[in-house]
Amino acid sequence: MLAEDSVLLRDGLTGLLTRFGHEVVAAVGDAEALLAAVAEHEPDIVVADVRMPPGFQDEGLRAAVRLRTPAEEGRPALPVLVLSQYVQREYAAELLDSGDGSGVGYLLKDRVGQVEEFVDALCEVASGGTVVDPEVVRQLLRRRRDPLSRLTPREREVLALVAQGRSNGAIARELVVTEAAVGKHIGSILAKLDLPPADDTHRRVLAVLAFLRA
């Protein structure tokens, strides 16, 4: 099953996999359609993009994590291969840790050098193996060493005050800056910690948790 919002890429992958002898039971363009199609068709493996409608943030990857969580006791996690243009580190780590760690992959589109390489990775994941692009591994390891390493001293200072429960206005008075400047610092902090907007998470709280863990 394919989940890719680009019509051209979706049709291209469908034709490619068919040519190599695989049956594509469904090809959809958003995360909700992916979840519905999996329930209907029960595929052997899902190939999903990270960014899909409606928000074009990490909907595809979050759906993949859900699919890796068995709904029934004893049912194995569904094999999932994520094919993306970038590394979404927060959910990438959760995806690779999901299930029992088998039948999962994360490849970067621009780093797939040959068609056969992609097809081989698909077969490996479908059979229970794990395939991860080295760049994904590098970024995940860097994050786990120190998630705050990318922050400037001022951004660390702002985040420390956020962790104390201060509002933007209180932080502005403490640092003798404008409230707009504080807002810009917080926006930069959230971006550097790879915390994109999401309906089901509170990014400010997640940033504080990252600060406390570090």
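Positions within a chain are numbered from 1, following the residues in the order the chain's sequence is written. It should be noted that, the model being predicted, local features are given only for residues of pLDDT at least 70 and side-chain atom pairs only at 80 or more, the latter also being counted only at that level, while totals for whole chains, interfaces and linings use all residues. For the side-chain quantities, the full set of heavy atoms in the structure was used; hydrogens and water were omitted.

1. A closer look at the UniProt feature "modified residue: 4-aspartylphosphate" (unreviewed entry) in the protein chain
In step 1: If you check UniProt for "modified residue: 4-aspartylphosphate" (unreviewed entry), the listed places come out as Asp49 in our numbering.
In step 2: Secondary structure elements are taken from DSSP: a helix is a run of H or I of four residues or more, a strand is a run of E of two residues or more, and numbering for both begins at the N terminus. In this structure, Asp49 sits in the loop between strand S3 (46-48) and helix H3 (59-67).
In step 3: Here Asp49 falls in the buried class, since its relative accessible area comes to 7%.
In step 4: When sequence neighbours within four positions are dropped, the list of residues in contact with Asp49 reads Ala3, Glu4, Asp5, Gly60, Leu61, Leu83, Ser84 and Lys109. UniProt positions are given in the numbering used here, feature names are shortened, and annotations may be inferred rather than shown by experiment. The rule is simple: take the accessible area with a 1.4 Å probe, protein chains only, and divide by the maximum for that residue type; under 20% is buried, over 50% is exposed, in between is partly exposed. We call two residues in contact when some of their heavy atoms are within 4.5 Å.

2. A look at the pattern of salt bridges
In step 1: Within this document, salt bridges are pairs made up of a side-chain nitrogen of Lys or Arg and a carboxyl oxygen of Asp or Glu, the two lying within 4 Å of each other. The tally for this structure, following the rule as stated, stands at eight salt bridges.
In step 2: In this structure, Arg154 and Glu157 form a salt bridge, with 3.2 Å as the shortest nitrogen-oxygen distance. In this pair, Arg154 and Glu157 are both assigned in helix H7 (residues 153-163), three residues apart and thus about one turn of the helix distant.
In step 3: In this structure Arg154 comes out as partly exposed when scored by relative accessible area, which is 32%.
In step 4: A relative accessible area of 36% means that Glu157 is categorised as partly exposed.
In step 5: Between Arg166 and Glu174 there is a salt bridge; the shortest N-O distance is 3.6 Å.
In step 6: Via salt bridges that share partners, Glu4, Asp49 and Lys109 belong to a single interconnected network.

3. Focus: the side chain of Glu59
In step 1: For Glu59, the position within the fold is in helix H3.
In step 2: Here Asp and Glu are counted as negative and Lys and Arg as positive; His is not counted, and neither are the chain ends. The buried charged residue Glu59 lacks any salt bridge partner; its closest oppositely charged side chain belongs to Arg62, at an N-O distance of 4.3 Å.
In step 3: Those residues within four positions of Glu59 in sequence are excluded, and the remaining contacts are Ala31, Val50, Met52, Pro53 and Pro54.

4. Concerning the pairing of strand S4 (residues 80-84)
Looking down a regular strand, the side chains alternate between one sheet face and the other.
In step 1: The buried fraction of S4 is high, at five of five residues.
In step 2: In S4, alternate side chains face the same way, and those of Val80, Val82 and Ser84 on one face and Leu81 and Leu83 on the other are all buried.
In step 3: Across five bridges, the pairing between S4 and strand S5 (residues 104-108) is parallel. From the neighbouring strand, Leu81 faces S5, where its bridge partner is Gly105. Strands qualify as paired when DSSP identifies two bridges or more between them.

5. Remarks on a nonpolar patch on the surface
In step 1: Patch building starts from residues that exceed 30% relative accessible area and form no salt bridge, then joins like charges within 9 Å and nonpolar side chains (Val, Leu, Ile, Met, Phe, Trp, Tyr) within 5 Å. Shrake-Rupley sampling with a 1.4 Å probe provides the accessible areas, and residues are treated as covered by the protein chains on show and by no other component. A contiguous nonpolar surface patch, about 260 Å² in accessible area, is contributed by Val205, Leu209 and Leu212.
In step 2: As for its position among the elements, Val205 is in helix H10 (residues 203-213).

6. Let's talk about the sheet that holds strand S2 (residues 27-28)
In step 1: Across the sheet, which stays open at both edges, the six strands sit in the order S2-S1-S3-S4-S5-S6 with parallel pairing between neighbours. Here the strands that pair on one side only, and so sit at the sheet edges, are S2 and strand S6 (130-132).
In step 2: Pairing of strand S1 (residues 2-3) with S3 involves two bridges; the strand directions are parallel. Residue pairing across strands places Leu2 opposite Val47, the latter belonging to S3.
In step 3: Comment: axis = line fitted to C-alpha atoms, over the contacting stretch for helices; angle = value between 0 and 180 degrees taken between N-to-C directions. Running at roughly 170° to S4, H3 makes contact with S3, S4 and S5 of the sheet.

7. Brief notes about H7
In step 1: All of the buried residues in H7 are Glu155, Val158, Leu159, Leu161 and Val162. Each buried residue of H7 sits inside an arc of 160° when the element is viewed along its axis, so together they form one side.
In step 2: The inward-facing, buried residues of H7 abut helix H8 (168-175), helix H9 (179-192) and H10.
In step 3: With its phi angle positive at about 90°, Gly165 sits one or two positions after the end of H7. For this quantity, the arc is that covered by the directions from the helix axis to the C-beta atoms.

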